[in-house]
Amino acid sequence: MINISAYIKALAKEEGFMYCGIAKALRLEDDERRLEEWLNKEMHGKMGYMENHFDLRVDPTKLVPGAKSVITFLMNYYPKEQQMQDVPKIARYAWGEDYHEVIRAKLKTILSKIEEKTGEINGRGFVDSAPVLERAWALRSGLGWVGKNGNLITKSAGSYFFIATLITDLALDYDDPYVKDYCGSCNRCIEACPTDAILPNKVVDGSKCISYFTIELKDALIPKEMQGKFGDWMFGCDVCQEVCPWNRFAIPHDEEKFKPIVEILEYSKKDWEALTEESFKKIFKHSPLKRSKFAGIQRNTKLIGK
């Protein structure tokens, strides 16, 4: 008889995921308390959606009735390429096609192939666009530890990963949770954060993060007290990952759809300023940059160098 858990991990490898772990579907009581405290301190800023569906975030059975297992996948996005010097910086995760679309298709394929072996099951895949605490499940699946910058870190390849989950009513073999924290006394991410968004006890104040201001905040203007703190970052920020010692082990990905868009690597500030809305929509039709929209990119570009 086929071992379904091993089969799922083999499927994950076939679809290009670097790691796959499985945890029992339980209510995340510890994370529930931390999330509630984080929201109460208004560290989500104007990301009102973070307050929605609280129960769904901490209880997988609310998302998938009868859920027994949460399968977590890590997909590497670390590029071998580099942006040119003195160009507006874009977080590496956004250099290629929109990861939501790419990974969602892979999860759909995996679920379909599982059902070929098990018969119809109740299962849903999630990629950073539903109320799922992906890092909490990655931790419980034995895939790594949560660093001081709030990112999931693996010993063998650092933290440049997308996290996806597949919640199912299949009972599977569960991996041992990862309990050792290898950050030690290192505080490089805390010291390097340009806006002091990284707080003690692995808390990140989302309302101070450069990614929040350049992607999530839809206001026409960036608050004055934050202007001048973003360096050359136009979309997102990788500072806390760039200084993390564990990312010296980062391995370039081989996913064709994450291959960088040429304009992202080469566009100067003048090129971005000269970009029309029509060209933006055409070039970045399948890019994560569309989340900021053309108006957001224009706003962010104007702040560079100030």
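Residues numbered from 1 in each chain as written. Predicted model: local features only at pLDDT ≥ 70, side-chain atom pairs only at ≥ 80, totals over all residues. Heavy atoms only, no water.

(A) How the structure looks around the side chain of His100. Note on placement: His100 falls in helix α5 (residues 99-118). There is a polar contact of 2.6 Å between the side chain of His100 and the side chain of Asp98. Among the polar contacts listed, one links the side chain of His100 to the side chain of Tyr99, at a separation of 3.4 Å. Residue contacts for His100: discarding those within four places in its chain leaves Val127, Asp128 and Ser129. (Helix = DSSP H or I, 4+ residues; strand = E, 2+ residues; numbered from the N terminus. Polar contact = N/O pair within 3.5 Å; in protein donor to acceptor, adjacent residues only side chain to side chain. Contact = heavy atoms within 4.5 Å.)

(B) Quick look at the layout of surface pockets. Roughly 310 Å³ of internal volume is contained in the second largest pocket. Class assignment of the residues belonging to the lining of the second largest pocket gives a composition of 7 nonpolar, 3 polar and 7 charged. (1 Å grid on protein atoms, 1.4 Å probe; cavity = no way out; pocket = protein on both sides within 12 Å on 5 of 7 lines; lining within 4 Å. Points joined across faces, edges and corners; volume = space filled by probe spheres on them. Nonpolar A, V, L, I, M, F, W, Y, C, P; charged D, E, K, R; others polar.)

(C) Inspection of helix α2 (residues 29-40) at higher detail. Along its 12 residues, α2 runs 17 Å from first to last C-alpha, staying within 8% of the 16 Å computed at 1.5 Å per residue. Among all positions of α2, only Asp31, Glu32, Leu35, Trp38 and Leu39 are buried. Take α2 and look down its axis: the buried residues cluster within an arc of 130°, on one side only. Turned more than 90 degrees off the buried face of α2, the exposed positions are Arg33, Arg34 and Asn40. Two residues or fewer after α2 comes Glu42, characterised by a positive phi angle close to 60°. (Expected span 1.5 Å × (residues − 1). Buried < 20%, exposed > 50% of the residue type's maximum accessible area, 1.4 Å probe, protein only. Arc of directions from axis to C-beta.)

(D) A look at the packing of aromatic side chains. Taken as a whole and judged by the stated rule, the model has 23 aromatic pairs. For the ring pair Phe17 and Phe73, a centre distance of 4.9 Å and an interplane angle of 40° mean the geometry is tilted. A residue pair is termed long-range when its members are at least 10 positions apart, and Phe17 in the loop between α1 (4-14) and β1 (19-24) and Phe73 in strand β2 (residues 69-76) qualify at 56 residues. You'll find Phe17 and Phe73 in the same group, each marked buried. (Phe/Tyr/Trp six-rings, centres within 6.5 Å; stacked < 30°, edge-to-face > 60°.)

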